[in-house]
Each structure stands twice: as structure tokens, then as C-alpha cells.
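Okay, here's what each chain looks like letter by letter:
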Amino acid sequence: MKAAPELPRLATWLLGRRLPDAWRDFVAGDLDEEFRTRRVASRLGAHAWLWSQVVRCLIAPPPVSSAAPADVRPRGDSMIRTILADVRYAVRALAHAPAFSLAVIAVLALGIGANAATFSLINAVLLKPLPFDEPDRLVRLYHIPPQVTFPGMKTFALSPANFYDWQARATTFDRMAIYQARQFTLTGRDRAQTIIAMGVGAGTFDLVRARPALGRWFRDDEDAPGTRVAIISDRFWRTYFGGAPDVLGKPVMLDDDAYAVVGVMPPAFSIQAWGLSSRDIWVPLGYTPEDRLVRGNHNAQVVARLKPGVSVETAQAELEGIARQLEVEYPADNEGWGATIIPLYELIVQDVRTSLITLLAAVSLVLLIACANVGNLLFSRALARRKEIAIRSALGAGRRRVFQQLLVEALMLSCVGGAVGLLLAHLTLGATSALIANQIPRVDEIALDGRVLGFAFVVSLVAGVLAGTMPAIRAGRTDLTDALKEGGRSDASVGLRTRRILIVCEVALSLVLLMGAGVLARSLLALRGVDVGFDPDHVLTVRTALPASRYSTAARSTAFYDGVLARVRALPGVQSAGAVDDLPFEGGSVQYMVVDGKPELSTREQPTVQVRKITPGYLETMRIPVVRGRDLAATDNDVVIVSESAARLLWGEVDPIGHTATLPLQSRERTLTVIGVVRDIRDDGLAEDVGAHVYEYSRERDWRGMAIALRTSVPPATLTTAVERAIHEIDPNQPVERIQPMTALVDQTIVSQRFSAMLLSLFAAVALLLASVGIYSVLSNVVRGRRREIGIRTALGARTTDVLRLVVIEGMAPTIVGIAIGGVAAIACARVLETMVFGVSASDPLTLAAVAAVLAMVSLLASLLPALRAARLDPLQTLRGD
């Protein structure tokens, strides 16, 4: 049946006078054949029939070629054509709403970008295999110390003699290798510096199969005393030798001795979490025959490679059997010492796995909140397009076609948002890597590789489906008659329940994130408030290490440190100064201490203490108070001061002052007299218990490395240059390392907690912002849709407070429900954070109440803005406009 001749003119008038721009675009756009062939007169009557005739007149179906009948086109081809048509239409529709499109893309870019950046970190640390051949067969070997002597310690270094016995008797390993840190003074440059190298035993590089980029490994015969060869890292090669290709054979000056470079390791061999691969220089270990027989001094590290097909459990059982044999053969040194195996990968990631997974879960919540926010925006847009959707349905489009069109739009927005998010992740990757360089292993391997790109693509698709599904389903249920009547005016009550559900989801997820951030923040405050037992404020520390070539005797090292202390004490602004071998939180020596007059105990029962070598003035500088007895004096010799915990451990209730004891593991065993008892300090970490400390002093000290501490009346940083000059007045070639305030050392103990709290707080702030924006956007839409109702209420005498209450209750009702649901979820998730907090429960009710109050306040503010706008509506203008 042909259209009436006057129908085109009628269509033009309708399009110009009765249809908004969006509907005009719709009518001018591509429509499916299915739309054009359905009969709709019986459903909508004459009015709907007229609209359908208008559309049919404007977009008449093209003639069907006899060579390619439409009814025989492949089904897949038809589906592709339909999807492409939906894509083209979505591009036009979104281009006509740039503000809406940019808002959605920005929200999705924030969520997807944060997820991509976090996943790139997890990919580098947890998912990528170690840069070695067959890394799953690499393991570390440790002693398990006697728990009576070392309570709570699960692993301990090996002694050289025990290693060589393990190496000779074990059959489940391809190879074992031993290595140990070595301290040198690097010279030959403008300024000497202290460097920690790694002494490696025979076959170490062969075992890990880390092939040098230049040169060769060490030969087995080079593992001997006096061998002067070295392998250097890629970084050292570029900084020290300028990346010269002829570096092989050139000397590196260590302790004034020339070490010939025989190899350069590749950049990948630089895992900071593993001591062997974190150094810049490797030298042969060079144990003497006497060194190989040492059994009681545990200071060596061991790496091994399992034989093919051998499990860790099998090797563990064999190693435990060898440890029991050695315990029987050498009871004096090995009684109570067990053995354990830890895969190298587990050792590297075990301290950060929980934190990284927690961060990924947190950033996933941010993405869900973003999806809920975008879902609200898409739903509001779908409601604004009710007439368009009604016309499509009137022309025969089923719910599936409407759902497909709206979902395609959501997917396009999410893909663009994902691309922008990847760009944001790329731009922030460098700053993020620098921020976590000393906290997370393998940071230098973080990159946006193919796996990260694939993850971002999948996340974009999932985000599009999550954000677009509910609005698309709800839009397909539009009642045609209601959508077309009264000039297409929308009803604010349509889809209100769906939008409330989305707000509830946003609020609940935001509360979970806020709870986690609040708990970590309180934990950080609790750590900062821990009493460490000394006063770190206004204390400047400087580390020095003496090369053995110039300070080969105790008299020389003693003269050096006494001279430096005399000079720095004379500096203006210095109140006191002293020296110690290891500052608090830098580790230190743990030794047996044998008390004279008490029965001799076996090795497994012998108590151990943390031994620190100090000079007079150190306790005063650190303000470690003397509880009983007295402080050190310059005239003292071979004396010790013990902490309260050490006094109870070694002497019980007896006053230790005047008693004597010995430290058998020291190179020169001496009888030490106790002259005082001082307060306990925390030396292992702010979250750890206080330790048993012994501070020893001898007039002649064979010390290779010491830290000098100065208490100042001025800002510590202002004395840096003066202290360095005072040291160089004694020895111009002496390297000066790590000049920093003591407060910086304390802060380094909570770096990981601060990092986790900072990131989780950032995610929580983003979630709070998104939730408030979501509430505001929904209420703004509600107010626009209920302008007529509000105008009528005002005309009938409703006061401003009544209007405010109406809109605020509309926004706060789903907020309260979301807070209740989120509170339950936060308590359920608290178990994940239990191992990451200190001094506060992960389900702390006070924190939960505080974050709930913050969320309620932000929601109230987001509700007040649309409420105030509604209260200012003029009822006459509102009703006249309608």
C-alpha cells in the first residue's frame, strides 16, 4: 500500500514541531528491516499508526535484488550487519551528548586505569616467573634454630661446616651453593664509598643459570683465598665504566686492591628482594681451610637447585634426616638445629602477597562503584530516551533488540574508558615505581605488557556489561502508551527502584573501602605512637666503614673513631655524640652470653641476646635511661651494660651489677663486667616486642664499621657538611655513608604500612567521590522529573522545609540501607586485614561508626544540593511551563 501524497509534508511538520532533536536523529538513522515490517496499528491505535507511517515514508526499504534475495542471506552476516548498525548509531547518539559521554568515560577511565596499574604491579611481582632457567626448582636452605634460644624465629643462616656436610650428603639436589655478604671500600673514583658486595662460592652462577651479558662466570678454582676477580652488575658497568664494551680485564679497586672484571650480569639479574641478585659486585667467597671448619657461627646463605622430578617435600625430608645426623655427630654446635627448604619464589613474594591481593580487591571495589555510577547515568539517559525506545518497539523491535542497542553503547563507552585508563596507568607508572622502589620486589619489571593489556580489555568489557545490563533490561520494559502520551513527558517514578538499588550498591562498597582505609590509618597512628625506648628526635646518624688495608689493627680503628668523636663533639650545636656498630632497626649481632657462676647449658638451651658495641656517650645521645648502676666512662675497659629484659633473662631476680659474663662467639673471648642496667628498647620493629640487649665496650676496638650518632640543639640536617668535614680531617679517603636523621630510620620501619594505608585511602576517597556524585545525579534527575509535583505541592501550601525533607529523604533512604549492608560486609572482610594492622582490631566498631558517619554526611550534602534547587522552584512558572 502506497503512502498518501500529503504524508511527506505531514512528516516534515511533525519532525520540525513535535519531535525533539534526539527523535529526529532516530528517525533519520538506520533501522532494522524487522522494525519496518511489523504491524502496530492494533497496539497503539491511529496515533501510533501515524507515527509508523511517517517513519516508513522516510526510510522506505530498498528494492531487493533478484541475485541476492534478503531471505537467503547468511544468519551470521545479518547479525554482523545489525551490530555494525548499532555501533554506527551509538557513535552518532553519543556524539550528540558529549557532556554525558565524557562523564561516563572519565568515571570508567578512573576505575579501569586503577585496576590496570594495580594488575601491572601484581603481574610483575606475583605472576611473572623469575628470570632464571627453570626457576621453580630453585630453593633456599635454612637452619631452624632451637626455639628455646631463638623463640619465634623460623629460619636461620648456616655455618660453613654444616653447609659442606649438607652438600656432600644430600642426593635430591642438582647442586648447592653458598654465598655471604662482604663489605668493601670502593676507591678509584673522585670519592670513596662503602659498597656491600657478595662473596659467592664455587658454582653459584652455574646453579642459578644466570648467564653474564659479557664475559664469564667464576671458575671453581677461583673460589680460593687471595683471588682478585669480580663480576659486576649492568648498573655498575654503566655508572662506573660508562658502559664501555672493553670492560673485561679492567680493574675495580676494592679496599685498595685491584679486582679484574671477568663478567657483566644482565639487567634482569637484579631482584632486590634476594640478596644474591641485589648487589652490584660479586667476588669469589674464598674460604680458607679454617673457615670451612667453622660450625658454631651461622652467617652464610645457601641456594640450591632440585633435581628434575624431586618435590620440595622429598628434599625437605632428606635434609631433616641430615640435620639429625649432624646433631648426633656434633652435639655441642648442632643440638636442636633443624633444617627447612623454602622455594625461592615464595621467599621473594611472601611478605608482599597479602598486601598486593588486598590492594587488588580494593581497586576492584572502586571499579564496581564506578560501574554502579555509570549504570545510574546510563539509566537516566535511557529514561530520557523513552519515546525513542517506544517508537522502536512500536515498529516491531523486541526487547532483545533494544537491549542489544543500549548494551552496545555501554560497551563502546567502556572500551574508550579503558583506553583512557591505560593511558593514565602508563603516565603514572614511573611515579608509582619510584614510590614503591624500596618496598616491593621486582619493581623494575613493572610494565604495560600484553598480559596487562589483555586484562584491561577484559575489565573494560566486564565493566561495560555490568554498567549497561540493568539499564538496558529496565529500558526494554517501557510501556509504549505511557511513553508516547502527553508529549513524551517522563515520569520521575519510572525506574526509581532500580536507581535506588544502584545507590545502595555504591554506598555499601564505599563503606567497605572506607572501613579498610580507616583501620589502616588508625594502625599507622598506633605504630607512630609506640614507645621505642629512646628519643630519635634531633639525632643525626652517619655510617662509616674502614677498609682493612688501611685499618688492619685494633689500635688504628680505635684511634680513628676516637678522633672523629672528639671533633664532632666540638661542633657548634652538638650536645653529645657516641658510636655503635648497629643502630636501632638496622639489625645486628645475636650471640650466646654465658654468665659466670651458672651451670653450663647445652647449645639449644643457651640464652641469646642482641649484642651492640658502643662507645661512651652513645646511651646519653640516644637518651636510653640508666635504671641501675652507671653509664660508660672513658676509663672503662671490658665492661657491659645490659637491658632490663637481658638482666631478667640471664640473672633472673638477682641484681646483675658486678657480675661477669663472656661472649663465646667473639673472635677474642673476654670476661666482661656488668656496670649498669638500662631501659629496654625496640630494635626489631615498632610492632615487635622489646629485645634483650647487651652493650659492650672495650678500650681497644677492632671495629670495621660503626655508626656515629649526634644529639643536636639545631636541626640535624644543618650539620651534615660539618660532620663529613670532621671525618675527612682524620682520613680524607674515608667514605661517609647514609647521613640521615634517626627519625628517618624509625619511619623506614613503617614504610609498607604507610604505603598500604595511602593507597587504600586514595581508593576510598575515589569511592566516596563516586558515591556522592551518584547520589547527586539521581536526585537531580528525580527533581527534574518531579518539578510539576513539587510545583503543585508548593501551590497548595507546602513549605520550603517540606520540599527539602521530601528530596533529602529520597536520597538518604538508600544511603542508610547501603550503610547497613556495607557495615556487615566490612565486618565480614575484616579477617583479610588482621595481619596488616597493629594496635587496633580490623573490625573496630569505633572506626566503623566514624566511616559510617562520614559517608552519611557526604550523602546528606549530595542530597541537599538538589533539594535546595527544588525548594527554589517557582510554582507558577513550573505549572505554566507544563
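A.B. asks: Please give an account of the overall build of the chain that cites residues and values.
C.D. replies: Along its length, the chain carries 28 helices and 22 strands. A total of 882 residues make up the chain; the buried ones form 52% of that total. The contacts in the chain between residues at least 6 apart in sequence include a share of 82% that link residues at least 24 apart. When the accessible surface of the chain is split by element, carbon and sulfur atoms take 58% of a total near 39600 Å².

A.B. asks: Provide a residue-level description of helix α21 (residues 644-651), including the pertinent values.
C.D. replies: Those residues of α21 that sit buried are Ser 645, Ala 646, Ala 647, Leu 650 and Trp 651. Looking one or two residues past α21, Gly 652 carries a phi angle of roughly 65°, positive in sign.

A.B. asks: Could you give an account of a nonpolar patch on the surface, with specific residues and numbers?
C.D. replies: Together, Leu 368, Phe 457, Val 458, Leu 461, Val 462 and Leu 466 make up an exposed nonpolar region whose accessible area comes to about 510 Å². Within the fold, Val 458 resides in helix α16 (residues 450-475).

A.B. asks: Tell me what's going on with the packing of helix α7 (residues 160-169) against helix α10 (residues 312-329), and back it up with residues and numbers.
C.D. replies: For the pair α7 and α10, interaxial distance at closest approach is 10 Å and the crossing angle is 130°. Put simply, α7 runs oblique to α10. For the element pair α7 and α10, the recorded crossing hand is right-handed. Note on element contacts: α10 touches α7 through Glu 318, Leu 319, Ile 322, Gln 325, Leu 326 and Glu 329, opposite Asn 162, Asp 165, Trp 166 and Arg 169. Tallied by class, residues from the contact of α7 with α10 come to four nonpolar, two polar and four charged.

A.B. asks: Describe in detail the pattern of salt bridges, supporting the description with residues and values.
C.D. replies: For side chains of opposite charge, pairing can occur when their charged atoms come near one another. Scanning the entire structure with this criterion turns up 33 salt bridges. Between Asp 257 and Arg 228 there is a salt bridge, and its shortest N-O distance comes to 3.7 Å. One end of the pair, Asp 257, is in strand β7 (residues 257-264); the other, Arg 228, is in the loop between β4 (214-215) and β5 (229-232), and 29 residues separate them in sequence. Close ionic contact of Arg 238 with Asp 234 constitutes a salt bridge, the shortest N to O distance being 3.0 Å. With Arg 238 and Asp 234 both in helix α9 (residues 234-240), this residue pair falls four residues apart, about one helical turn. For Asp 234, a relative accessible area of 14% corresponds to the buried category. Residues joined in a network through salt bridges with shared partners are Asp 133, Glu 134, Arg 137, Asp 174 and Arg 209.

A.B. asks: Before we move on, could you go through unusual backbone geometry and cite the residues and values that matter?
C.D. replies: Backbone geometry at Phe 585 places phi at a positive 75°, although glycine is not the residue there. Its place among the elements puts Phe 585 in the loop between β12 (574-580) and β13 (589-592). Residue classification places Phe 585 among the buried residues on the basis of a relative accessible area of 15%. Phi is positive for Asp 638, which is not a glycine, with a value near 55°.

A.B. asks: Describe the sheet that holds strand β11 (residues 539-545), listing the residues and the values that go with them.
C.D. replies: Across the sheet, four strands lie side by side as β12-β21-β11-β22; this open sheet has antiparallel pairing. Each edge of the open sheet carries a strand with a single partner, namely β12 and β22 (736-741). The mean angle between the axes of side-by-side strands here comes to 15°, regardless of whether they run parallel or antiparallel. Bridge count for β11 against β22 is four bridges, and the pairing is antiparallel. Bridge pairing in β22 links Leu 540 to Pro 741. Packed on one face of the sheet, helix α19 (residues 554-569) meets β11, β12 and β21 (705-712) and runs near 160° to β12.

A.B. asks: Report on α19, specifying residues and quantitative values.
C.D. replies: With 16 residues, α19 extends 22 Å from end C-alpha to end C-alpha; this agrees with the ideal 22 Å at 1.5 Å per step. Residues of α19 that are buried include every one of Ala 554, Ser 557, Thr 558, Phe 560, Tyr 561, Gly 563, Val 564, Leu 565 and Val 568, and no others. In the core, the buried residues of α19 are packed alongside β11, β12, β21 and α22 (720-730).

A.B. asks: Give a description of the packing of α19 against α22 that names residues and reports values.
C.D. replies: Interhelical geometry of α19 versus α22 gives an angle of 140° and a closest axis separation of 9 Å. The orientation of α19 with respect to α22, classified from their angle, is oblique. Taken as a pair, α19 and α22 cross one another with a handedness that is right-handed. Here Phe 560, Gly 563, Val 564, Arg 567 and Val 568 of α19 come into contact with α22, specifically with Val 723, Ala 726, Ile 727, Glu 729 and Ile 730. Grouping the constituent residues of the contact of α19 with α22 by class yields seven nonpolar, one polar and two charged.

A.B. asks: Just give me the short version of the packing of aromatic side chains, but keep the residues and values in it.
C.D. replies: Within this structure, the stated rule accounts for 17 aromatic pairs. Relative to Tyr 240, the ring of Phe 236 has its centre 4.8 Å away and its plane inclined at 15°; by these criteria the two rings are stacked. Residue Phe 236 and its partner Tyr 240 are located together in helix α9, separated by four residues, close to a single helical turn. For the pair shown, Phe 236 and Tyr 240 are each scored as buried. In this structure an aromatic cluster arises from ring pairing among Phe 132, Tyr 179, Phe 205, Phe 218, Phe 269, Trp 274 and Trp 282. In this structure, Arg 295 is placed above the aromatic ring of Tyr 330, and the distance from its NZ or CZ to the ring centre is 3.6 Å.

Conventions and cut-offs
Residues numbered from 1 in each chain as written. Predicted model: local features only at pLDDT ≥ 70, side-chain atom pairs only at ≥ 80, totals over all residues. Heavy atoms only, no water. Helix = DSSP H or I, 4+ residues; strand = E, 2+ residues; numbered from the N terminus. Buried < 20%, exposed > 50% of the residue type's maximum accessible area, 1.4 Å probe, protein only. Contact = heavy atoms within 4.5 Å. Areas by Shrake-Rupley, 256 points an atom, 1.4 Å probe, with all protein chains shown as cover. Patch = residues over 30% accessible without salt bridge, like charges linked within 9 Å, V, L, I, M, F, W, Y side chains within 5 Å. Salt bridge = Lys/Arg side-chain N within 4 Å of Asp/Glu carboxyl O. Axes fitted to C-alpha atoms, helices over the stretch in contact; angles between N-to-C directions. Parallel < 35°, antiparallel > 145°, perpendicular 65-115°, else oblique. Left-handed = near helix turned anticlockwise from the far one by under 90°. Nonpolar A, V, L, I, M, F, W, Y, C, P; charged D, E, K, R; others polar. Pairing = 2+ DSSP bridges. Expected span 1.5 Å × (residues − 1). Phe/Tyr/Trp six-rings, centres within 6.5 Å; stacked < 30°, edge-to-face > 60°. Lys NZ or Arg CZ within 6 Å of the ring centre and 35° of its normal.

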